[in-house]
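# Structure at a glance
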Amino acid sequence: MKTTPFTEKHIALGAKMHEFAGYNMPIEYSGIIDEHTTVVNSVGVFDVSHMGEFWVKGPHALSFLQSVTSNDVSILPLGKAQYTCFPNEQGGIVDDLIVYHYEDEKYLLVVNAANIDKDWNWCVSHNSVGAELQNSSDNMAQLAIQGPKAKEVLQTLTSVNLNEIPYYAFKTGDFAGEKEVIISNTGYTGAGGFEIYFYPEAADRIWNAIFEAGKCVGIKPIGLGARDTLRLEMGFCLYGNDLSDTTSPLEAGLGWITKFAEGKNFTARAILEKQKAEGIQRKLVGFEMIDRGVPRHGYNIENAEGEVIGEVTSGTMSPCRKIGIGMGYVKRAYMTVGSEIYLDVRGRKLKAVVVKPPFRK
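Residues numbered from 1 in each chain as written. Predicted model: local features only at pLDDT ≥ 70, side-chain atom pairs only at ≥ 80, totals over all residues. Heavy atoms only, no water.

This part takes up the sheet that holds strand S10 (residues 170–175). Spatially, S10-S11-S12-S9-S3-S13 is the arrangement adopted by the six strands of the open sheet, whose pairing is mixed. Two strands lie at the open edges of the sheet, namely S10 and strand S13 (220–222), each paired on one side alone. Going across the sheet, the axis of each strand differs from the next one's by a mean of 30°, ignoring polarity. With four bridges connecting them, strand S3 (residues 44–47) and strand S9 (residues 141–146) associate as antiparallel partners. Considered in S9, the bridge of Gly44 is made with Gln146. Across the sheet, helix H2 (residues 32–41) touches S3, S9 and S13, and the angle it forms with S13 is around 115°. (Pairing = 2+ DSSP bridges. Helix = DSSP H or I, 4+ residues; strand = E, 2+ residues; numbered from the N terminus. Axes fitted to C-alpha atoms, helices over the stretch in contact; angles between N-to-C directions. Contact = heavy atoms within 4.5 Å.)

Following this line, the structure appears as structure tokens:
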């Protein structure tokens, strides 16, 4: 298995380790519920160094991104970030990602760890305009410091004014004595906070500085288990569960990142435009359990008559709400908020209701 610059720290801290996307990653430390509530109420630190990072540079950088991503990169100002996806030729999703407009003619793409090779090959094979591409995934470490107290902890470590970094914006500056650290307000938990990108050789110094600065507020390391429950309470999609090569961005509720701007001829544009005009036949919805039970990935979703109308893509017992919550694709007739649906949970038919995420307000 691959390791991150923090793997030895996770093991020394007693984390339960497991393979994820080819990496030896911490799943939990003190327990998922404790770690989840720590992030919601205070501050926690996630090692997300397994994520992939690609640079796109040069005079053809923008035209390349316009051709391979669904969102409109032409409207992305310097210092801002944009959520988007790579559509495939059939209108499915190669991956979802974040694009950072780093400098003039220079962009940073942050992609999912499990898809690094797939995404890199996709970019290289679809680079018909001659953009400069650089895979820096092995030369960049990343920590996500998340929670309502993250800002007060991190502000003690940088001269960058964190109040001047709104959601989906970033700045590059000094952090914990290191230079050229990217400080980004693009978390995946819905609890506030920042993600920082830096060279792997600075990993020990940055980790130690953050935990020293956060002692007074009870900062804790957080594993991937709580990262999943936090993102699900917010209704954020996870590639491989809620998004895949066979789900379109419109079906996934990502019409807001699918822009049909003039001159933006991205992959499968015609397919997605037709889908938008004719309407989708299924959609990713959020739901809450009415009957007691925990929805899990792969469970069938049925109507009152027992007809299978979809499948659960993500599900858990909400640590904050103490009820079962989930997401799944359902047929058109059951897309609307308030629709009653049923889950087949090991032979038991349990009632749920379609709601609009987030589940944690």
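With that settled, the discussion passes to a negative patch on the surface. A cluster of acidic residues, Glu103, Asp104, Glu105 and Glu132, forms a negative patch at the surface. Structurally, Glu105 can be placed in the loop between strand S6 (93–103) and strand S7 (106–111). (Patch = residues over 30% accessible without salt bridge, like charges linked within 9 Å, V, L, I, M, F, W, Y side chains within 5 Å. Areas by Shrake-Rupley, 256 points an atom, 1.4 Å probe, with all protein chains shown as cover. Salt bridge = Lys/Arg side-chain N within 4 Å of Asp/Glu carboxyl O. Lys, Arg positive; Asp, Glu negative; His and termini not counted. Charge placed at Lys NZ, Arg CZ, Asp CG, Glu CD.)

Next up on the list: helix H8 (residues 269–278). All of the buried residues in H8 are Arg269, Leu272 and Gln275. The arc enclosing the buried residues of H8, seen along the axis, measures out at 130°, which places them on a common side. Turned more than 90 degrees away from the buried face of H8, the exposed residues are Ala270, Lys274, Ala277 and Glu278. Taken together, the buried residues of H8 touch strand S5 (81–87). Two residues or fewer after H8 comes Gly279, characterised by a positive phi angle close to 95°. (Buried < 20%, exposed > 50% of the residue type's maximum accessible area, 1.4 Å probe, protein only. Arc of directions from axis to C-beta.)

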